[in-house]
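# Structure assessment
In case you want the letters, here they are:
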Amino acid sequence: MTADKETILGNVVRILNDLTGDWEMEFSGPVGPGTMIISDLEFESIDVVQFVVQIEEQYKRKDLPFEKLLMRDGRYRDDISVGEVVDFLHTYL
């Protein structure tokens, strides 16, 4: 399944809006490529796991190498942007 970046971005934003819809948080702007998952949307590790599961379900893929997105030099990254998620999915879908 291939998808263009605009379609992927729409799917990622919808998933994030679904996950955070009933959260009380400081972030009030629209979710876009520059939105940071941890610092803007206040995700915790379990939220990242739920996000990954939702992406896998959206694309019917359990084989995406999320470690390439979430880790650098053997350590989990402090934060990732929506744009990085979109680029990752565009590369691996």
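This is a predicted model, so every value here is computed, not measured.

### Focus: the overall build of the protein chain
- Scanning the protein chain for helices and strands turns up 4 helices and 2 strands.
- Starting at the N terminus and ending at the C terminus, the protein chain contains elements arranged as α-α-α-β-β-α.
- Since a compact globule built from 93 residues should have a radius of gyration of about 12 Å, the 13 Å found for the protein chain is in line with a globular shape.
- Dimensions of the protein chain, computed from C-alpha atoms along their principal axes, come out at roughly 35 × 30 × 20 Å.
- Scored against the burial criterion, the 93 residues of the protein chain give a buried share of 39%.
- Considering only residue pairs separated by 6 or more positions, the protein chain has 60% of its internal contacts joining residues 24 or more positions apart.
- Each charge class in the protein chain can be summarised by its mean position, and for the 9 positive and 19 negative side chains these summaries are 10 Å apart.

### Notes on a nonpolar patch on the surface
- A contiguous nonpolar surface patch, about 240 Å² in accessible area, is contributed by Ile-46, Val-49 and Val-53.
- Inspection of the secondary structure puts Val-49 in helix α2 (residues 45-59).

### Points about the nonpolar core
- Membership of the largest hydrophobic core comes to 26 residues, with the highest contact counts inside it found for Val-12, Leu-16, Phe-51, Ile-55 and Leu-89.
- Elements supplying a minimum of two residues to this core: α1 (5-20), α2, α3 (67-70) and α4 (82-92).
- With 6 residues, α1 is the largest single contributor of residues to this core.

Scoring rules and cut-offs
Residues numbered from 1 in each chain as written. Predicted model: local features only at pLDDT ≥ 70, side-chain atom pairs only at ≥ 80, totals over all residues. Heavy atoms only, no water. Helix = DSSP H or I, 4+ residues; strand = E, 2+ residues; numbered from the N terminus. Rg over C-alpha atoms; globule rule 2.2 N^0.38 Å. Buried < 20%, exposed > 50% of the residue type's maximum accessible area, 1.4 Å probe, protein only. Contact = heavy atoms within 4.5 Å. Lys, Arg positive; Asp, Glu negative; His and termini not counted. Charge placed at Lys NZ, Arg CZ, Asp CG, Glu CD. Patch = residues over 30% accessible without salt bridge, like charges linked within 9 Å, V, L, I, M, F, W, Y side chains within 5 Å. Areas by Shrake-Rupley, 256 points an atom, 1.4 Å probe, with all protein chains shown as cover. Salt bridge = Lys/Arg side-chain N within 4 Å of Asp/Glu carboxyl O. Core = buried A, V, L, I, M, F, W, Y, C linked by side-chain atoms within 4.5 Å.

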